[in-house]
Amino acid sequence: MKFWQKTYLSVLIVFLIAFDLGAYALLKKSYELNEQLDISRGMSEYGSIEKSLSYILRAYTESSGSTDYETLIASFAANPNKENILLEVYRADQLLFSNAYEFAGERAELHGEPYRFVYRKMNGELWLFVGGKMELQDLRLVISRKSEYLQDYHVTLRQYFIRLSIVISLILSAALIFLLFQLTAPIRRLNKGVKAIAAGAYEQRVKVSGNDEFGELAQDFNKMAGAVSHHIETINKASEDKELFINNLTHELKTPITAIKGYSAFLNHANYNEDERQMAVQYIHEHIARLDVLSGKMMQLLYLKSGEIAREPVDIENLFAYVVNMERHHVEAKQMKVRWECSADKVYGDQELLQSLFINLVENSIKASSAGGEILLRSFHNDEGVVLEVLDHGRGIPQKDIARITEAFYVVDRSRSKELGGIGLGLSICHQIAQLHGATIRIESKENEYTRVSVYFTTRLQLED
């Protein structure tokens, strides 16, 4: 059974029970008021008859001295004004006169002091009996009459109650169904959204209306759906990146392995002179060296993705000096100059990782620069922290490649990457190191003019971590 059906039945049953009890109490009260009126009328009739009959009997006794009242009472009861009222007169427990129906059973009205009333059902009709002690000697009078009005009123009330209950039930049922469909519309929309997401429509959102609990639930659902969608996109992106990474790795491994196999076969089977042998050995050595670099970069990249760092103050000038010293052979080979400017003196991080980051950046600048070029390293403060930059005036990076330059194995020009010894992992490693430090890398470049790589260290994030 659905929620709205449970709510519908529960509310309908509770309301009808409450309504029926309330209506029954009101109708019962109305009946009791009418019953009181009928009783008051019966008492009035009894009082009038008792006084008249007592007066007549007393006058008869005083004039005749007789107490034989049967004939006189019969004459009194035959009065047309009392044709709807039946009389019974008792002396002690002896019946003197009666024109009423015989009634067997306890007669509570015979013991009224001064009088008592009783309602009885006889032959399907409601009768009112009123009895009490008369003023004359030890006589008792009981009058009885039909209470047709009260009986008809009771039947009318009962019929009215049944009709009213049916009408109210129908109206309430229709109103409840309408209201519940309106109130549970957000739940149905939410359920539809859940089914859509379960079917794979992660962009599905629920229309939010109102600030009640359903509105808050819809808002929370949309937030949850957004989070799920984001995580799915992240997973899909990670899966795509993983597949691309494996494809690129396979491609990068295939070239040196094929070359090594080819030259090995050449050395084993071909007739060659000493120059050809040295050439083959040299090529094998170069490709093994490339595989060695590739494996080292891969290990470093995997370490960065799973590792955590302990941060400590790193002197920027010493950092730049170390990087330049490590790259001096490449710099001297191309007769280049490297200088640095340090407006900011320190940054927080892992010294070895930061050294690796800037060695990669400087190596890229050396490869991209012409002989006799210059590379500038500098540090300065900005509004959020410290910025470290590497600037060269080499061949630059096309704008279409800047967004992807930090992807693993992505190279701008594969033909030149072979010549320069690049495998496309350097900037990916730099990106991972920057992320571990809570920093971001921004690259600005213009082809054949310059390339500026800026690493932004946010001091607040570094200290919080």
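In case you missed it, the structure is sitting above this.
Predicted model, so just to flag it, every value in this text is computed and none were measured.

Chemist: Break down the side chain of Glu45 for me, with residues and values.
Modeler: Positionally, Glu45 belongs in helix α1 (residues 3–64). At a separation of 2.7 Å, a polar atom in the side chain of Glu45 contacts the side chain of Arg145. In contact with Glu45, other than residues within four places in its own chain, are Ile85, Ile143 and Arg145.

Chemist: Give a detailed account of the pattern of salt bridges, specifying residues and quantitative values.
Modeler: If you walk through the whole model with that rule in mind, you get 15 salt bridges. For Asp38, the salt bridge goes to Arg145, with nearest N and O atoms at 3.1 Å. Here Asp38 is found in helix α1, whereas its partner Arg145 is found in strand β5 (residues 139–146), with 107 residues between them in sequence. Notably, a salt bridge pairs Arg41 with Glu45, separated by 3.2 Å at the nearest N-O pair. Taken together, the positions of Arg41 and Glu45, both in helix α1 and four residues apart, correspond to about one turn of that helix.

Chemist: How would you explain the sheet that holds β5 if you had to name every residue and give the values?
Modeler: Read from one edge of the open sheet, five strands run β2-β1-β5-β4-β3, paired in antiparallel fashion. The open sheet has two edge strands, β2 (94–98) and β3 (115–122), and neither has a second partner. Here the strands of the sheet are splayed against their neighbours by 20° on average, with no regard to which way each runs. With seven bridges connecting them, strand β4 (residues 125–133) and β5 associate as antiparallel partners. Across the sheet, residue Lys133 finds its bridge partner in β5, namely Arg140. Against the sheet, helix α2 (residues 70–77) engages β1 (86–91) and β2, with an angle of about 40° to β2.

Chemist: Describe the sheet that holds strand β11 (residues 439–446), naming the residues involved and giving the relevant values.
Modeler: Taken together, the five strands give an open sheet; going across it, the order is β7-β9-β10-β12-β11, and neighbouring strands pair in mixed fashion. Only two strands of the sheet have a single partner each, and these edge strands are β7 (337–342) and β11. Strand after strand, the sheet turns through a mean of 15° between neighbouring axes, direction not considered. Helix α7 (residues 316–326) rests against β7, β9 (374–381) and β10 (385–392) of the sheet, and its axis sits at about 170° to β7.

Chemist: So what's going on with the pairing of β10? Residues and values would help.
Modeler: Most of β10 is tucked away, with eight of its eight residues classed as buried. Across seven bridges, the pairing between β9 and β10 is antiparallel. Residue pairing across strands places Leu376 opposite Leu391, the latter belonging to β10. The hairpin turn running from β9 into β10, its antiparallel successor, is three residues long. Two elements, β10 and strand β12 (residues 450–458), share eight bridges in a ladder whose sense is antiparallel. Among the inter-strand pairings, Val390 is bridged to a residue of β12, identified as Val453.

Chemist: Mind laying out the packing of aromatic side chains, listing which residues take part and the relevant values?
Modeler: As enumerated under the stated definition, the model contains four aromatic pairs in all. Judged by centre distance (6.3 Å) and plane angle (70°), the rings of Tyr60 and Tyr69 are edge-to-face. The interplanar angle of 25° and the centroid separation of 6.0 Å between the aromatic rings of Tyr149 and Tyr153 together place this pair among those described as stacked. Of the two residues, Tyr149 and Tyr153 are both situated in helix α3 (residues 148–183); the distance of four residues between them amounts to about one turn of the helix. The ring of Phe129 has Arg120 lying over it, and the distance from NZ or CZ to the ring centre is 4.8 Å. One cation-aromatic arrangement involves Arg442 over Tyr456; the distance from NZ or CZ to the ring centre is 4.1 Å.

What counts, and where the lines are drawn
- Residues numbered from 1 in each chain as written.
- Predicted model: local features only at pLDDT ≥ 70, side-chain atom pairs only at ≥ 80, totals over all residues.
- Heavy atoms only, no water.
- Helix = DSSP H or I, 4+ residues; strand = E, 2+ residues; numbered from the N terminus.
- Polar contact = N/O pair within 3.5 Å; in protein donor to acceptor, adjacent residues only side chain to side chain.
- Contact = heavy atoms within 4.5 Å.
- Salt bridge = Lys/Arg side-chain N within 4 Å of Asp/Glu carboxyl O.
- Pairing = 2+ DSSP bridges.
- Axes fitted to C-alpha atoms, helices over the stretch in contact; angles between N-to-C directions.
- Buried < 20%, exposed > 50% of the residue type's maximum accessible area, 1.4 Å probe, protein only.
- Phe/Tyr/Trp six-rings, centres within 6.5 Å; stacked < 30°, edge-to-face > 60°.
- Lys NZ or Arg CZ within 6 Å of the ring centre and 35° of its normal.

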